[in-house]
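Okay, here's what each chain looks like letter by letter:
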Amino acid sequence: MTKRPLHPRSLAAQAMGKIDPLTKGVVTPIHIATTYIRDEDNGYSSGFVYGRPDNETVREAETVLAMLEEAKAGALLFSSGMAAATAVFQALSPGDHVVASKVMYWALRSWLLTEATRWGLKIEFVETDDLNALKAAVKPGVTKLVWAETPSNPLWTITDIAGAAQIAHAAGAKLAVDSTCASPVHTRPLALGADIVMHAATKVLNGHSDVVAGALCAREDDDFWNRVKTVRKMQGGILGPFEAYLLMRGMRTLHVRQERQTASAMTLAQKLSAHPLVARVLYPGLPQHPGHDIAARQMQNGFGYMLSIQVTGGERAAIKAAAHVELYKRATSLGGVESLIEHRASIEGAGSPCPVDLLRLSTGIEDVEDLYNDLDQALKTGHA
């Protein structure tokens with residue numbers, strides 16, 4: 001790779017320019033070995049000991065992601081987004097106080113309320129987009145971690161990362177940011193003061209709905225990050241080499257996909273805002289969105305591929321509209337090349353902050369007019 005400074009788009013497209021040393025192939029092989037030869041002095045000069053913590057394909061994908069997130073301490077890949085997220089909390093100690101976003105990925109919220117609480121963590125949920133509320137919840141010397149998801153799923157509220165980092169650090173706490181729905185194309189939380197950034201790499205980083213993976217990136221190689229590394233190594237939440245290869249393949253087209261998806265999401269948000277059967281559009285790119293000004297300050301290259309709509313006619317009309325799409329796919333998850341629609345309140349159940357009239361939309365790379373027309377006919381059918 002040239003020594004001239006290159007844009008992350010170029011580095012990701014060529015997977016950091018890595019060439020297979022044996023064949024000179026522009027795509028490196030998938031390394032599947034689980035164990036490695038010792039040196040004559042019983043050491044491991046190769047840096048590879050055992051397949052659980054050591055795999056070259058995984059390391060190559062981690063290198064690409066660390067570059068994208070400007071992670072000086074590197075990146076770690078996990079077997080799922082949940083494995084990555086929970087590793088951060090498991091690096092804490094029983095009794096530690098945690099402040100987390102009230103609106104966040106539902107499965108993680110459920111885990112925090114059950115397993116994490118049972119283990120001894122003290123979890124407090126607040127609206128992290130309200131810095132005054134966050135500051136009031138954080139306890140100096142007691143709070144060890146602030147967990148913020150931004151944009152938060154599925155209401156797409158925006159947390160001021162720099163402001164949250166200042167509050168967390170003043171109290172002696174770490175700030176971890178779930179940036180799954182922003183991706184490093186739009187937001188780099190570490191550069192804004194966060195200590196750790198998390199991705200459900202299953203989503204837009206991979207982008208093809210064929211890999212389950214998670215990732216963590218860190219700003220500093222400190223004791224806390226080393227505890228996270230130990231959790232992954234000892235509990236075995238590793239990503240397999242084939243999945244790492246597919247993830248790296250996905251990241252090579254990340255910028256191209258995000259440009260298309262984000263442009264389409266903005267177009268849909270604007271057009272749906274004027275739709276007579278849509279009561280409200282939730283998208284940080286819209287000037288009327290409560291977090292728009294902060295999003296405009298901390299997001300680059302657009303406002304992401306996710307939006308939600310609240311349907312006039314309430315829950316019944318929303319569910320009926322989702323049942324009558326033809327191009328959108330009624331499925332969970334997000335970030336793939338195909339557009340998805342989901343009635344989140346039905347999935348999350350009791351206690352969900354998600355309105356019952358809300359439909360979550362993950363924008364793919366299809367023609368945007370086809371996507372709008374599909375929603376238009378589905379909404380009209382839902383009100384028939």
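Above: the structure in question.
Residues numbered from 1 in each chain as written. Predicted model: local features only at pLDDT ≥ 70, side-chain atom pairs only at ≥ 80, totals over all residues. Heavy atoms only, no water.

Caption draft 1: Seen up close, the environment of Ala345. In this fold, Ala345 is placed in helix α13 (residues 344–348). Exposure remark for Ala345: the relative accessible area of 14% places this residue in the buried category. Beyond its immediate stretch of four places on either side in the chain, Ala345 contacts Cys354, Pro355 and Val356. (Helix = DSSP H or I, 4+ residues; strand = E, 2+ residues; numbered from the N terminus. Buried < 20%, exposed > 50% of the residue type's maximum accessible area, 1.4 Å probe, protein only. Contact = heavy atoms within 4.5 Å.)

Caption draft 2: Layout of the sheet that holds strand β8 (residues 278–282). Reading across from one edge, β8-β9-β12-β11-β10 is the order of the five strands in this open sheet, with mixed pairing throughout. This sheet does not close on itself; its edge strands, each paired only once, are β8 and β10 (329–330). Pairing analysis gives two bridges linking β10 to strand β11 (residues 340–342), with the strands arranged parallel. For Arg330, the partnering residue across the bridge sits in β11 and is Ile341. (Pairing = 2+ DSSP bridges.)

Caption draft 3: View of the environment of Ala87. Examined against the element boundaries, Ala87 turns out to sit in helix α3 (residues 81–90). What makes Ala87 buried here is its relative accessible area of 1%. Along the sequence, Ala87 and Arg227 sit 140 residues apart, while their C-alpha atoms lie 8.9 Å from each other. Those residues in contact with Ala87 that lie beyond four places of it in its chain are Phe78, Leu216, Val228 and Val231.

Caption draft 4: Quick look at the pairing of strand β9 (residues 306–311). Counted residue by residue, β9 has six buried out of six residues, so it is predominantly covered. A two-sided burial pattern is seen for β9, the buried positions comprising Met306, Ser308 and Gln310 on one face and Leu307, Ile309 and Val311 on the other. Pairing of β8 with β9, which is carried by four bridges, proceeds in the antiparallel orientation. Following the sheet pairing, Val278 is matched in β9 by Val311. Looking at chain direction, β9 and strand β12 (residues 358–362) are connected through five bridges and run antiparallel. Along β12, the bridge assignment pairs Met306 with Ser362.

Caption draft 5: Seen up close, the pattern of salt bridges. Within this structure, the stated rule accounts for 18 salt bridges. The salt bridge involving Arg360 is made with Glu342; its shortest N-O contact spans 3.0 Å. Taken together, the residues Arg360 in strand β12 and Glu342 in strand β11 connect sequence positions 18 residues apart. Residue Glu342 is classed as buried on the basis of its relative accessible area, which comes to 7%. (Salt bridge = Lys/Arg side-chain N within 4 Å of Asp/Glu carboxyl O.)

Caption draft 6: Examining the packing of helix α2 (residues 56–69) against helix α9 (residues 241–251) more closely. One can describe the packing of α2 onto α9 by two numbers: an axis separation of 8 Å at closest approach and a directional angle of 30°. As α2 packs across α9, the resulting crossing turns out to be left-handed. Residues Thr57, Val58, Glu60, Ala61, Val64, Leu65 and Leu68 of α2 touch α9, and the partners they reach there are Pro241, Ala244, Tyr245, Met248 and Met251. Residues of the contact of α2 with α9, tallied by class, amount to ten nonpolar, one polar and one charged. (Axes fitted to C-alpha atoms, helices over the stretch in contact; angles between N-to-C directions. Left-handed = near helix turned anticlockwise from the far one by under 90°. Nonpolar A, V, L, I, M, F, W, Y, C, P; charged D, E, K, R; others polar.)

Caption draft 7: Quick look at a nonpolar patch on the surface. Together, Ile19, Val26 and Val27 make up a nonpolar patch on the protein surface, roughly 260 Å² of accessible area in all. Within the secondary structure, Val27 sits in the loop between α1 (8–13) and α2. (Patch = residues over 30% accessible without salt bridge, like charges linked within 9 Å, V, L, I, M, F, W, Y side chains within 5 Å. Areas by Shrake-Rupley, 256 points an atom, 1.4 Å probe, with all protein chains shown as cover.)

Caption draft 8: Fine view of the packing of aromatic side chains. Enumeration according to the criterion identifies four aromatic pairs in this entry. Look at Tyr36 and Phe48: their rings are 5.3 Å apart centre to centre, the planes differ by 45°, and that puts the pair in the tilted class. Note that Tyr36 is positioned in the loop between α1 and α2 and Phe48 in the loop between α1 and α2, a separation of twelve residues in sequence. Its relative accessible area of 14% is what places Phe48 among the buried residues. For the ring pair Phe89 and Trp111, a centre distance of 6.1 Å and an interplane angle of 55° mean the geometry is tilted. A residue pair is termed long-range when its members are at least 10 positions apart, and Phe89 in helix α3 and Trp111 in helix α4 (residues 106–119) qualify at 22 residues. Residue Trp111 is classed as buried on the basis of its relative accessible area of 16%. Of the aromatic side chains, those joined through ring pairs into one cluster are Phe89, Trp111 and Trp147. Above the plane of the ring of Phe78 lies Arg232, whose end atom (NZ or CZ) is 5.9 Å from the centre. (Phe/Tyr/Trp six-rings, centres within 6.5 Å; stacked < 30°, edge-to-face > 60°. Lys NZ or Arg CZ within 6 Å of the ring centre and 35° of its normal.)

Read these as geometric descriptors, not functional statements.
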